[in-house]
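# Structural overview
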Amino acid sequence: MHVRGVEHGERALVVDDLIATGGTLCAAMDLLEREGAEIVECACVIELPELKGRERLNGKSLYVLIECFESCDSQ
Ligand SMILES: O=P(O)(O)OC[C@H]1O[C@H](OP(=O)(O)OP(=O)(O)O)[C@H](O)[C@@H]1O
Ligand SMILES: Nc1ncnc2[nH]cnc12
């Protein structure tokens, strides 16, 4: 991942298509925070709640459109 053009104190919304373990969102937040951004919220289209990615976000607000449980896979 690569960050450019982030100014200290800027407010950031981190958007990804999917949250599974939360590793990707955490890495993105770490990178932005190191550049001085303030993460306001995260948003994803799909959450796989059973992988508990939300718990890795240090209490950061996460908005999702669809929660997909393992039982969704076969439907
Ligand atoms: O919450 P995590 O466990 O980090 O997983 C979520 C990430 O996994 C997928 O990307 P992937 O690395 O599979 O590649 P992609 O960008 O090609 O979709 C997805 O697009 C998220 O970015
Ligand atoms: N467990 C998972 N299922 C589907 N897509 C993914 N992308 C990253 N982890 C995934």
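Residues numbered from 1 in each chain as written. Chains lettered and ligands numbered in written order. Predicted model: local features only at pLDDT ≥ 70, side-chain atom pairs only at ≥ 80, totals over all residues. Heavy atoms only, no water.

### A closer look at the overall build of the protein
Here is the rule we go by: Put simply, DSSP marks the helices as runs of H or I at least four residues long and the strands as runs of E at least two long, and each gets a number from the N terminus on. We call a residue buried when its accessible area falls under 20% of the maximum for its residue type, exposed when it is over 50%, and partly exposed in between, using a 1.4 Å probe and counting protein chains only. Residue-level accessible areas treat just the shown protein chains as cover; the underlying method is Shrake-Rupley with a 1.4 Å probe. Positive charge is attributed to Lys and Arg, negative charge to Asp and Glu, and no charge count is given to His or to the chain ends. Charge positions come from single atoms, namely NZ of Lys, CZ of Arg, CG of Asp or CD of Glu.
The number of helices and strands found in the protein is one helix and three strands. Sequence-ordered secondary structure for the protein, helices as α and strands as β, is β-α-β-β. Projected onto its principal axes, the C-alpha positions of the protein cover 45 × 20 × 20 Å. Out of the 75 residues belonging to the protein, those deemed buried represent 31%. In the form shown here, the protein has an accessible surface area of approximately 5,300 Å², with 49% of it arising from carbon and sulfur atoms. Side-chain charges of the protein comprise 7 positive and 15 negative groups, with the mean position of each set lying 5 Å from the other.

### As for the environment of Leu51
Filter applied, for reference: We call two residues contacting when some pair of their heavy atoms lies within 4.5 Å.
Topologically, Leu51 is positioned in the loop between β2 (38–47) and β3 (62–67). What makes Leu51 partly exposed here is its relative accessible area of 46%. In contact with Leu51, not counting residues within four places along its chain, are Ala20 and Thr21.

### Comments concerning the site of ligand 2
In plain terms, the rule: In these notes, residues near a molecule or strand are those with any non-hydrogen atom within 4 Å of it.
Taken together, the residues surrounding ligand 2 are Leu18, Ala20, Leu48 and Leu51. Starting from 260 Å² of accessible surface for ligand 2 in isolation, the protein chains cover 32%.

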